Amino acid sequence: MKKNTLVLGASENPSRYSNIAIKRLLNKDIEVKAIGMKVGNVEGVKIEDYKKDFSDIDTVTLYLSAKNQVEYYNYILGLKPRRVIFNPGTENRELEELLTKNNIAFENACTLVLLSLNQY
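Rules of the game
Residues numbered from 1 in each chain as written. Predicted model: local features only at pLDDT ≥ 70, side-chain atom pairs only at ≥ 80, totals over all residues. Heavy atoms only, no water. Salt bridge = Lys/Arg side-chain N within 4 Å of Asp/Glu carboxyl O. Helix = DSSP H or I, 4+ residues; strand = E, 2+ residues; numbered from the N terminus. Buried < 20%, exposed > 50% of the residue type's maximum accessible area, 1.4 Å probe, protein only. Contact = heavy atoms within 4.5 Å. Arc of directions from axis to C-beta. Polar contact = N/O pair within 3.5 Å; in protein donor to acceptor, adjacent residues only side chain to side chain. 1 Å grid on protein atoms, 1.4 Å probe; cavity = no way out; pocket = protein on both sides within 12 Å on 5 of 7 lines; lining within 4 Å. Points joined across faces, edges and corners; volume = space filled by probe spheres on them. Nonpolar A, V, L, I, M, F, W, Y, C, P; charged D, E, K, R; others polar.

**Q** It is not clear to me how the pattern of salt bridges should be interpreted in this structure. Could you clarify?
**A** Side chains that carry opposite charge are capable of pairing whenever their charged atoms lie near each other. One pass over the full model with this rule turns up eight salt bridges. Notably, a salt bridge pairs E31 with K33, separated by 3.2 Å at the nearest N-O pair. Linked through salt bridges whose partners overlap, the residues forming this network are K46, E48 and K52.

**Q** Just checking my understanding: could you explain the side chain of E48 for this structure?
**A** Structurally, the position occupied by E48 is in strand β4 (residues 45-48). By relative accessible area, E48 is classed as buried at 8%. Sequence-distant contacts of E48, defined by excluding residues within four places in its chain, comprise A34, I35, G36 and F54.

**Q** Sorry, what's going on with helix α4 (residues 93-101) here?
**A** Every α-helix winds through 3.6 residues per turn, so residues three or four apart in the chain are directed the same way. For α4, the complete set of buried residues consists of L95, E96 and L99. With its buried residues spanning 105° around the axis, α4 presents them on a single face. Turned more than 90 degrees away from the buried face of α4 sit R93 and K101, all of them exposed. Structurally, α4 contributes buried residues whose contacts are with β5 (59-62), α2 (66-69), α3 (73-79), β6 (83-86) and β7 (105-108). Capping of α4 at its N-terminal end is provided by N92; its side-chain oxygen lies 3.0 Å from the backbone amide nitrogen of E94. The first or second residue beyond α4 is N103, which carries a positive phi of 55°.

**Q** Honestly, the layout of surface pockets in this entry has me stumped. Any pointers?
**A** A probe matching the size of a water molecule, rolled over the atoms, marks out where space remains unfilled. Considered as a void within the structure, the largest pocket measures approximately 400 Å³ in volume. Forming the boundary of the largest pocket are 22 residues, of which G9, S11, R16, S18 and Y63 lie nearest the centre. For the lining of the largest pocket, the secondary-structure elements that each account for two or more residues are β1 (5-10) and α1 (17-27). Taken together, the residues of the lining of the largest pocket sort by class into eight nonpolar, 11 polar and three charged.

Next comes the structure, spelled out in structure tokens:
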């Protein structure tokens, strides 16, 4: 199964977990799309600064705080991903309820840990 992933909250800063996640996803041959505050590039993955209409997204992995996720609720639901990963610090009960109502799976997990354990 293809696990095309959207990293929401992406950063060019190599010390940010979103940046590390992009690199590790690519190392696992997973196609990566990215949206962040600023346009940028990580290992050839263009970071967009707007809600681009990506298709065929399996997983959205969040690197935004709960308050910064609100503006993306409809966008995430519209992508119809198979699942959403709430990385540590991004947990959001309100969005979890919306995902459940829309039959989208979610998990409170760390993308980096899932990848390192081959459980992504």
